[in-house]
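# Observations on the model geometry
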Amino acid sequence: MSNKNFGRRAFIKSTGIVAAGALLSPSLSSAGGRAVPGGGQRAAVLGGSPVRTKAWPGWPIWNKDTDEKLVVDDLRSGVWSRASLVTQFEQEWGAFVGTKRCLTVVNGTNALIASLLQMGIGGGDEVIVPPYTFIATVAAVLATGAMPVFVDTDVATWQIDPGKIEAKITSKTRAIIPVHILGLPADMHRIMAIAKKHDLFVIEDACQAHGAEIGHQRVGSFGHAGCFSFQNSKNLAIGEGGAITSNDEKFMDRCYSYHNYGNPYGSVVGQVNAGTLIAGNKLRLTEYQAAIGLGQLKRLSAETDKRNENAAYLRSKIGKIQGIIPYTLTDNVTKAAFHLFPFRYNKEGFKGLSRAAFLKALNAEGIPCSEGYAPLNKMPYLQNAFESKNYRKMYAAADLDLRAFNERNDCPLNDKLCNEEAVWFYQSMLLAERRDMDDIVNAIEKIHANAEKIKTSGK
Ligand SMILES: *Cc1c(COP(=O)(O)O)cnc(C)c1O
């Protein structure tokens, strides 16, 4: 019988008064012990023992025996700049995602920028983005000189709401960037249908969604391009790194050329001595980064499966607690990446305890958690971009009026999600064991039972 179902009265009845005394003693309830749900245990934020003192799995992970050899062999070879290991990683990542081509670049941000530029997107164009994403998605749009257009979030799935995209399409719209945010897939079937109807490019921001699938097809292979990040926190970690995946050979040739100073490549190759063909950049990955990535890639599928199993279990348990609204996966999702594990917190279910106090109490129980993103459609960087020389030359003053922009880009459901509801757990926690998920469940139940006390304490 799990402790979760082991009510306090049953516990006292079966073990006698001595154990009942022990139950009230905080010292015996910590260090691997399970919190018994109910008000009998003092919340850690009020001086009780935390549900968990054991550490969570660290990140990134590497295997000393296999991964280190790849890196050290490269170090000793002296071949550090782009060569065969980078090409091998590109081939393996493209095969994993399921696209004809893959190009690595320095990071996910520049994967997005290169993709936008090589689709011909720039000043005067509009690009549809979600407000619920990491800043890099929107920063990439601004880096090209294009105008971000925000579409509100479907708070059930946490993704861009496909039902609200068409209303934001104008004659200037050139592309949609669906972000598989938190590693949960966006609704690619509906988004691709909208894009086809309006002749728009789709760039999937899959920077948090390594290995996520819709109908057994991996994200990053639905749009005209997919962009990935291998930054240290991501589910495939290299420290820094990124990739573009696509089935469009000519587009990928241009991306390759762009990432290598604009020098000719593939179908971009011109006459001998034609010289540099496109206005390029320098975005090449190094061999030792590829060596790290090849090691990580060996474990990704097993890790992703484990995250999915633990997430499904945790979701089923915490979904029963009043005031916790678990995520919903988009139709037909066969696997998520769970870069983060989200749920919505409704304080009415917790006696009016604020989200900030809930997060503080949960952290105190030994459960790392966060409130996540702030609304990206309302931050000062937008004003900074609009005041720049380039934007002032490319746009009419009315387009750059921040108040009018804010009105056009209002996303009220996303505001509520960010400001009141969102709670995240981290992907590495989902690499622990199932019994560790019970610690999370027990901690939330303990806070639920103590909500009134925590609220009135003002802690
Ligand atoms: C991490 C991330 C990026 C940017 O990737 P970097 O490698 O850090 O440049 C872009 N979009 C999303 C959604 C991300 O999470």
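Here is a short report on the structure shown in this document. Residue indices follow the written sequence of each chain, beginning from 1 at its first position. Local features in a predicted model are, by the rule used here, given only for residues with pLDDT of at least 70; side-chain atom pairs are given and counted only at 80 or more, and totals for whole chains, interfaces and linings are based on all residues. Calculated side-chain values reflect all of the structure's heavy atoms, with hydrogen atoms and water omitted.

### Quick look at the overall build of the protein chain
Rule in force here: Secondary structure is summarised from DSSP: a helix means a run of H or I of at least four residues, a strand means a run of E of at least two, and numbering begins at the N terminus for each. Type-normalised accessible area, obtained with a 1.4 Å probe on protein chains alone, sets the label of each residue: buried when under 20%, exposed when over 50%, and partly exposed for intermediate values. Areas reported here follow the Shrake-Rupley algorithm with a probe of radius 1.4 Å; residue values treat only the protein chains shown as occluding.
Looking only at helices and strands, the protein chain has 15 helices and 15 strands in total. Looking at the 459 residues of the protein chain, the share that counts as buried comes to 54%. For the protein chain, the computed accessible surface area is about 19500 Å², with 53% contributed by carbon and sulfur atoms.

### What about the sheet that holds strand β10 (residues 225-229)?
Sheet strands associate in pairs through backbone hydrogen bonding, adopting either a parallel or an antiparallel arrangement. Convention followed: At least two DSSP bridges between two strands are required for those strands to pair. For helices, the fitted line uses only the C-alpha atoms of the stretch in contact; every axis is such a line through C-alpha atoms, and the angle between N-to-C directions lies from 0 to 180 degrees. In this description, contact between two residues means that some pair of their heavy atoms is separated by no more than 4.5 Å.
Taken in spatial order, the seven strands line up as β1-β11-β10-β7-β6-β2-β3 in an open sheet, and their pairing is mixed. Every other strand in the sheet has two partners, leaving β1 (101-105) and β3 (147-150) as the edge strands with one partner each. The mean angle between the axes of side-by-side strands here comes to 25 degrees, regardless of whether they run parallel or antiparallel. In the sheet, strand β7 (residues 201-205) pairs with β10 via three bridges, with the strands oriented parallel. Directly across from I203, in β10, lies its bridge partner A225. On top of the sheet, helix α3 (residues 84-97) reaches β1, β10 and β11 (242-246); it is set at about 130 degrees to β1, its chief contact. Here helix α6 (residues 188-198) sits on the sheet in contact with β6 (173-176) and β7, set at roughly 155 degrees to β7.

### Points about the pairing of β3
Residue alternation in β3 divides its side chains into two sets, M147 and V149 and P148 and F150, and both sets are buried. Bridge count between strand β2 (residues 126-129) and β3: four bridges; the pairing is parallel. Bridged to E126 within β3 is M147.

### Quick look at the side chain of R101
Rules: Think of a polar contact as two N or O atoms within 3.5 Å of one another; within protein, one of them needs to be a possible hydrogen donor and the other a possible acceptor, and neighboring residues in sequence only count if both atoms come from side chains.
Along the chain, the position of R101 falls in strand β1. Of note is the side chain of R101, whose polar atom sits 2.6 Å from the side chain of E249. Apart from the residues lying within four places of it in its own chain, the contact partners of R101 are I244, T245, S246, E249, M252, D253 and Y265.

### What about the site of the ligand?
The line we're drawing: One heavy atom within 4 Å of a molecule or strand makes the whole residue count as near it. Each residue is assigned to one class: nonpolar for Ala, Val, Leu, Ile, Met, Phe, Trp, Tyr, Cys and Pro, charged for Asp, Glu, Lys and Arg, and polar for all the others, Gly among them.
What surrounds the ligand is a group of 16 residues, the closest being G108, T109, D205, S229 and K234. Here Q208 contributes a side-chain N or O atom positioned 2.8 Å from an oxygen atom of the ligand. Starting from 380 Å² of accessible surface for the ligand in isolation, the protein chains cover 94%. Elements supplying a minimum of two residues to the shell around the ligand: α4 (108-118) and α5 (135-143). Of the residues assigned to the shell around the ligand, the class counts are five nonpolar, nine polar and two charged.

### What to know about the pairing of β6
What counts is decided by this rule: Handedness of a crossover is defined as follows: with both strands directed away from the viewer, a clockwise route from the first strand across the helix to the second makes it right-handed.
In this sheet, β6 lies alongside β2 in parallel orientation, the contact comprising three bridges. Paired with E126 across the strands is T173, a residue of β6. Taken together, the two bridges between β6 and β7 define a ladder with parallel strand orientation. Across the sheet, residue A175 finds its bridge partner in β7, namely F201. Handedness of the crossover joining β6 and β7 through α6: right-handed.

### Overview of the sheet that holds strand β12 (residues 324-326)
Overall, antiparallel pairing links the three strands, which are arranged β12-β14-β15 in an open sheet. The open sheet has two edge strands, β12 and β15 (422-426), and neither has a second partner. Shown here is a sheet whose adjacent strand axes are inclined to one another by a mean of 35 degrees, direction ignored. Strand direction decides the pairing type here: strand β14 (residues 340-345) and β15, joined by five bridges, are antiparallel.

### Regarding the packing of aromatic side chains
Quick reminder of the rule: Only Phe, Tyr and Trp rings are paired, with Trp represented by its six-membered ring, and only when their centres lie within 6.5 Å; those with planes under 30 degrees apart are stacked, over 60 edge-to-face, the remainder tilted. Only when the NZ atom of a Lys or the CZ atom of an Arg is both within 6 Å of the ring centre and within 35 degrees of the ring normal do we say a charge sits over the ring.
The final tally for this structure, using the stated rule, is 22 aromatic pairs. Consider the rings of Y345 and F358, whose centres lie 4.3 Å apart with planes at 25 degrees: the pair is stacked. Taken together, the positions of Y345 in strand β14 and F358 in helix α9 (residues 355-364) put the pair 13 residues apart, joining distant regions of the chain. Summarising the burial analysis for this pair, Y345 and F358 share the class buried. Counting every residue linked through ring pairs, the aromatic cluster contains Y327, F338, F341, F343, Y345, F350, F358 and F425. Across from the ring centre of F96, 3.8 Å away, lies the NZ or CZ of R218, which sits over that ring. Over the aromatic face of F134 sits the side chain of K234, whose NZ or CZ is 5.8 Å from the ring centroid.

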